[in-house]
Amino acid sequence: MGGIEQDPFAIFTAPPPGETPEEKAARERREAEAQRVSDRIDEELKAEKALMKRHRGTVKVLLLGQSESGKSTTLKNFRLKYARAAWKQERASWRLVIQLNLIRSINIIVEILQAEIEGTAVEYDPIRDSTDSVVLHPRSSFALTEKHQLLRLRLGPLRRVEADLKRRLGAGSDEVMDENAGVLDTRETPGGRPKEFCVRGWKNALENPGAMMKAMKSGAPRPTQDGEEKELVVDEATEVISSCKDDIKMLWSDEVVQTVLAHKRVRLEDSAGFFLHDLDRIATRNYEPSDDDVVRARLRTLGVQEYRIQFDNNHNAGNSFLVGGVDFGNEWLLYDVGGARTLRHAWLPFFDTVNAIIFPISCFDERLLEDPTVNRLEDSFLLWRAICSSKLLRKTTMILFLNKCDILKRKLRSGVMVRDFLPSYGDRLNDAPTVLKYLKEKFKDILKNCSPEPRVSYFYGTSVTDTKATATTLKTVRDSILREHLKNADFV
Ligand SMILES: Nc1nc2c(ncn2[C@@H]2O[C@H](COP(=O)(O)OP(=O)(O)OP(=O)(O)O)[C@@H](O)[C@H]2O)c(=O)[nH]1
Ligand SMILES: [Mg+2]
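Residues numbered from 1 in each chain as written. Chains lettered and ligands numbered in written order. Predicted model: local features only at pLDDT ≥ 70, side-chain atom pairs only at ≥ 80, totals over all residues. Heavy atoms only, no water.

### Focus on the site of ligand 1
Neighbouring residues of ligand 1: 25 residues in total, closest Ser 67, Lys 71, Thr 73, Gly 339 and Asp 406. Glu 68 is positioned with one of its backbone polar atoms (N or O) 2.8 Å from an oxygen atom of ligand 1. With respect to ligand 1, the side chain of Thr 73 contributes an N or O atom lying 2.5 Å from an oxygen atom. In the complex, the protein chains occlude 95% of the 660 Å² of accessible area that ligand 1 would expose alone. Those elements that provide at least two residues to the shell around ligand 1 are α4 (71-82), α14 (291-296) and α17 (405-413). (Near = heavy atom within 4 Å. Polar contact = N/O pair within 3.5 Å; in protein donor to acceptor, adjacent residues only side chain to side chain. Areas by Shrake-Rupley, 256 points an atom, 1.4 Å probe, with all protein chains shown as cover. Helix = DSSP H or I, 4+ residues; strand = E, 2+ residues; numbered from the N terminus.)

### So, the coordination of the magnesium ion (ligand 2)
The magnesium ion (ligand 2) binds to the protein through Ser 72 (OG) and Thr 301 (OG1); the donor distances cover 2.1 Å. Of this pair, Ser 72 sits in helix α4 while Thr 301 sits in the loop between α14 and β6 (304-310), and the two are 229 residues apart along the sequence. In this structure Ser 72 comes out as buried when scored by relative accessible area, which is 11%. (Donors = N, O, S within 2.8 Å, 3.2 Å for Na, K, Ca; no water. Buried < 20%, exposed > 50% of the residue type's maximum accessible area, 1.4 Å probe, protein only.)

### Structural notes on helix α8 (residues 157-169)
Between its first and last C-alpha atoms α8 spans 19 Å; for 13 residues at 1.5 Å apiece the expected length is 18 Å, and the two agree. At the C-terminal side of α8, Gly 170 shows a positive phi close to 85°. (Expected span 1.5 Å × (residues − 1).)

### A closer look at the sheet that holds strand β11 (residues 397-402)
An order of β6-β9-β1-β10-β11-β12 is seen for the six strands of this open sheet, with the pairing classed as mixed. Each of the sheet's edge strands pairs with one partner strand only, and the pair in question is β6 and β12 (457-461). The sheet shows a mean angle of 20° between the axes of neighbouring strands, taken without regard to direction. When β11 meets β12, the two strands line up parallel, connected through five bridges. Looking across to β12, one finds that Met 398 is bridged to Ser 457. Across the sheet, helix α16 (residues 376-389) is in contact with β10 (356-361), β11 and β12; its angle to β10 comes to roughly 170°. (Pairing = 2+ DSSP bridges. Axes fitted to C-alpha atoms, helices over the stretch in contact; angles between N-to-C directions. Contact = heavy atoms within 4.5 Å.)

### Observations concerning the UniProt feature "binding site: GTP" (unreviewed entry) in the chain
UniProt records the feature "binding site: GTP" (unreviewed entry) at Asp 270, Ser 271, Asn 403, Lys 404, Cys 405 and Asp 406, using the numbering of this structure. Taking the farthest pair of C-alpha atoms as the criterion, the annotated set spanning 137 residues converges on one region, since that pair is 14.0 Å apart. A polar contact of 2.7 Å, which involves the side chain of Ser 271, links it to the backbone oxygen of Leu 268. Along the chain, Asn 403 turns up in the loop between β11 and α17. Asn 403 gets classed as buried once you look at its relative accessible area, which sits at 6%. Apart from the residues within four sequence positions on either side, Asn 403 is in contact with Ser 69, Gly 70, Pro 360, Ile 361, Ser 362, Thr 462, Ser 463 and Val 464. (UniProt positions renumbered as here; feature names shortened; annotations may be inferred.)

### Points about the UniProt feature "binding site: Mg(2+)" (unreviewed entry) in the chain
Within the UniProt annotation, "binding site: Mg(2+)" (unreviewed entry) is assigned to Thr 301. The exposure class of Thr 301 is buried, given its relative accessible area of 4%.

### Observations regarding the nonpolar core
Membership of the largest hydrophobic core comes to 43 residues, with the highest contact counts inside it found for Ile 106, Leu 158 and Leu 251. The set of elements that each furnish at least two residues to this core consists of α6 (95-118), α8, α10 (236-243), α11 (245-253), α12 (255-263), α13 (279-282) and α14. With 11 residues, the top contributor of residues to this core is α6. Per-domain counts for this core show at least three residues from each of domain 1 (57-92 + 295-487) and domain 2 (93-183 + 237-293). Excluding anything up to four places from it in sequence, Leu 251 contacts Ile 106, Ile 109, Val 110, Leu 113, Leu 151, Leu 155 and Val 257. Counting residues in hydrophobic clusters, the runner-up holds 42 residues, among them Ile 357, Cys 388, Leu 393 and Met 398. (Core = buried A, V, L, I, M, F, W, Y, C linked by side-chain atoms within 4.5 Å. Domains from an automatic or database assignment.)

### Re the pairing of β11
Extensive coverage of β11 is indicated by the burial of six of its six residues. Of the two faces of β11, the one carrying Thr 397, Ile 399 and Phe 401 and the one carrying Met 398, Leu 400 and Leu 402 are both buried. Two strands pair when backbone bridges link them, and β10 and β11 are joined in this way by six bridges, in the parallel orientation. If you follow Ile 357 over to β11, its bridge partner there is Met 398. Taken together, β10, α16 and β11 form a β-α-β motif whose crossover is right-handed. (Right-handed = clockwise from strand over helix to strand, strands pointing away.)

### A closer look at α16
Given 3.6 residues per turn, any residue in an α-helix points the same way as the ones three and four places further on. Here α16 is 14 residues long and its end C-alpha atoms lie 20 Å apart, about the 20 Å a rise of 1.5 Å per residue gives. Those residues of α16 not exposed but buried are Arg 376, Leu 377, Asp 379, Ser 380, Phe 381, Leu 383, Trp 384, Ile 387 and Cys 388. On its buried face, α16 is in contact with β10, β11, α18 (432-450) and β12. N-cap assignment for α16: the residue whose side-chain oxygen lies 2.7 Å from the backbone N of Leu 377 is Asn 375.

### Observations concerning the state of the cysteines
When the sulfur atoms of two cysteines share a covalent bond, that bond is a disulfide. Enumeration over the complete set of coordinates arrives at zero disulfides. Cysteine Cys 388 shares no disulfide, and the gap to the nearest cysteine sulfur, in Cys 450, comes to 6.4 Å. (Disulfide = S-S within 2.5 Å.)

Shown next, in the form of structure tokens:
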């Protein structure tokens, strides 16, 4: 038999009859080029296949919940524990945020004092009242003296520094209010397309070149946390804050000021980004944020931010699995979202292929910043119900963090009664274990009644600003998510 009969395709590749040497050379060049293209396509397909295979093992986790519940703080704990290199690289950039948090607290006090001194103070109960019940006080009933007037004047420059830091850090540094946004706002734009979501927030704020300080170098070297020597770079904000340190101290430790704050029920200690107890450390020219400072810093998240964590072998002992060449559990994608009602429309596109949702809740006695008529716990119940009911999420593992347990304990100790905010609590004991048990049952019932099919869920009492305790919780969370991931992939 001839070659053509053996290979039916040979007829297409055989040289044309009567081919000249030039034609042959041109044909061979064309064939070589075609082969190169074909090889490249094969390589690309191979790489794509490998990537798909790798991503089959990727774990996707969404952090959902209302604003200030602790989503970003939970994420920071994940990164602190499992993505050390990126964390260390980013740590110094948090200085601006921490300084802004500190200055914000001082400026709140100064504004309250100013209103008292000028006789424009308002009576406002942030817990029980809405802004409708504002009562003007013609004259302050507190023993404010010239000393307070002087402090107010001397701390005046901090207002400009606050505005400057806000401008540099971008929109995440300010709060938005929109009373018309729903519990899980999935409204669309008139054109029918989902509202465009912005991927901004602290990740971007920290990378934003506008956030770089106008540096004035002093040239003096200073040791850093990691023992290296760095040139001291002192910017204007740092300079102003450190020069105001003694006045800030005097203001914060002043008895009359504390009485005014208590009377107005302003509990700065329990509010986001409270750093006044760390003044000696922070209000210095060579301040460098510690891990704990970064975890406690507050910068609102806008839109949705993706974080990739590659677990190394130290963290993986017995926890990642090579199944059919696919590495299950080594790579995690964590999505941190903005929790304000106006930002919740951006969550939906992420519901599709998510393995687990971590849902922190907090504060039974506070109201939403974006809508002061809504109690935070009430909003969390509605949101939890909406998420548990979602058909897209029916297979997703649900993890609820009853977060800010430290603040809960402090509030209960100070005599705040849960039943005043949650009538169904009734006459149960007003202590932390009873409150946590009650809330856990409430959220569990909602999950059971609203989930389209039975699902795996976990409930933890947490204080995610406590990085040591949170590391232990995250280890357990990680193991359980991974277990479910493997089960759902039919490998276990
Ligand atoms: N005391 C205490 N503070 C906490 C705890 N969890 C979070 N915080 C603080 O609460 C503030 C808000 O936490 P975030 O993690 O930024 O809240 P978030 O859910 O990401 O909020 P958005 O980005 O607005 O959706 C931060 O200043 C945290 O330091 C906690 O368990 N205890
Ligand atoms: Mg956040």
